[in-house]
Amino acid sequence: MTQRGSLLAQPLTRPSPGRIAAFLGLFLLGALVGGAGALVQAAWFPGGLLLALAGAAGLFLGGARATGGRGGAIAPATGWMIAVVLLTASRPEGDFVFAADIGSYLFLLGGMAVAVICATLGLARQPGSPAVRLGK
């Protein structure tokens, strides 16, 4: 059996079309969860805030577990962040989604913290061969 070296020394390969579709789907789900969370957190404070953050955490961590890597948490977190940032802007009519209260700030900062935590806890790529594992 030949040793191929560490994963860092491996050349990058193009992801499969199925993996690209999974990341795109997770990105869109992240945007949907961000928009729904923005509405729920303001409607039922503090329970809505906890529900919105729990939904985001579930999506981020579930995406990481489903894809087997940190990219599965980063894709929905990116969609969540873009949706939330777009919803913070006021419209020409004067309408806005986020009020200037503690719940909105907790949702924004808490969602960012949850995204970082879930991306950090997400599964990293592991070598496939048992010969490259320590202790084997």
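A quick note: this is a predicted structure, and the numbers were derived from the prediction, not measured.

Rules used throughout
Residues numbered from 1 in each chain as written. Predicted model: local features only at pLDDT ≥ 70, side-chain atom pairs only at ≥ 80, totals over all residues. Heavy atoms only, no water. Phe/Tyr/Trp six-rings, centres within 6.5 Å; stacked < 30°, edge-to-face > 60°. Helix = DSSP H or I, 4+ residues; strand = E, 2+ residues; numbered from the N terminus. Buried < 20%, exposed > 50% of the residue type's maximum accessible area, 1.4 Å probe, protein only. UniProt positions renumbered as here; feature names shortened; annotations may be inferred. Contact = heavy atoms within 4.5 Å. Polar contact = N/O pair within 3.5 Å; in protein donor to acceptor, adjacent residues only side chain to side chain. Expected span 1.5 Å × (residues − 1). Axes fitted to C-alpha atoms, helices over the stretch in contact; angles between N-to-C directions. Parallel < 35°, antiparallel > 145°, perpendicular 65-115°, else oblique. Left-handed = near helix turned anticlockwise from the far one by under 90°.

Chemist: Please clarify how the packing of aromatic side chains should be interpreted in this entry.
Modeler: When we look at a pair of aromatic rings, we describe it by the centre distance and by the angle of the planes. By the definition in use, this model includes two aromatic pairs. Consider the rings of F60 and W80, whose centres lie 6.5 Å apart with planes at 90 degrees: the pair is edge-to-face. Here W80 lies in helix α3 (residues 71-88) and F60 lies in helix α2 (residues 47-67), a separation of 20 residues in the sequence. Each member of the pair, F60 as well as W80, is classed as buried. Three or more aromatic residues link up through ring pairs in this structure, and these residues are F60, W80 and F107.

Chemist: Hey, could you run me through the UniProt feature "transmembrane region" (unreviewed entry) in the chain in this one?
Modeler: UniProt tags residues 20-38, 44-64, 71-90 and 102-124 as "transmembrane region" (unreviewed entry). Annotated as 86% helix and 0% strand, the span residues 44-64 places its first and last C-alpha atoms 29 Å apart. Helix makes up 90% of residues 71-90 and strand 0%, and the two end C-alpha atoms of the span are 31 Å apart.

Chemist: I'm lost on the environment of M112 in this one. Help?
Modeler: With respect to the helices and strands, the residue M112 is situated in helix α4 (residues 102-121). The exposure class of M112 is partly exposed, given its relative accessible area of 33%. Separated by 34 residues in sequence, M112 and T78 have C-alpha atoms that sit 10.0 Å apart. If we ignore the near neighbours within four places in the chain, the residues touching M112 are W80 and M81.

Chemist: What's the story with the side chain of T67 in this structure? I'm lost.
Modeler: Topologically, T67 is positioned in helix α2. By relative accessible area, which is 15% here, T67 ends up buried. Here the side chain of T67 touches G63 through a polar contact of 2.9 Å, landing on its backbone oxygen. Reaching out from T67, the side chain makes a polar contact with the backbone nitrogen of G72 at a distance of 3.4 Å. Discounting chain neighbours no more than four positions away, the residues touching T67 are R19, F23, L26 and G72.

Chemist: So what exactly am I meant to see when it comes to α4 here?
Modeler: Counting along an α-helix, one turn takes 3.6 residues, and residues three or four places apart therefore face a common direction. With 20 residues, α4 extends 27 Å from end C-alpha to end C-alpha; this agrees with the ideal 28 Å at 1.5 Å per step. Where α4 is concerned, the buried positions are G103, S104, F107, L108, G110, G111, V114, A115, C118 and A119. Buried residues in α4 make contact with α1 (17-43), α2 and α3.

Chemist: I keep staring at unusual backbone geometry and nothing clicks. Help me out?
Modeler: Negative phi is the rule for most residues except glycine; trans is the rule for most peptide bonds. Following F45, the chain continues into P46 via a peptide bond in cis, with omega recorded as 0 degrees. Structurally, P46 can be placed in the loop between α1 and α2.

Chemist: Is there a simple way to think about the packing of α1 against α4 in this case?
Modeler: The angle between the axes and the distance between the axes are what describe a pair of packed helices. Relative orientation of the contacting elements α1 and α4 amounts to 155 degrees, with a least axis distance of 10 Å. Here α1 is positioned roughly antiparallel relative to α4, judged by the angle of their axes. Read as a crossing pair, α1 and α4 show a hand that is right-handed. Residue-level contacts link G34, G37, A38 and Q41 of α1 to G103, S104 and F107 of α4.

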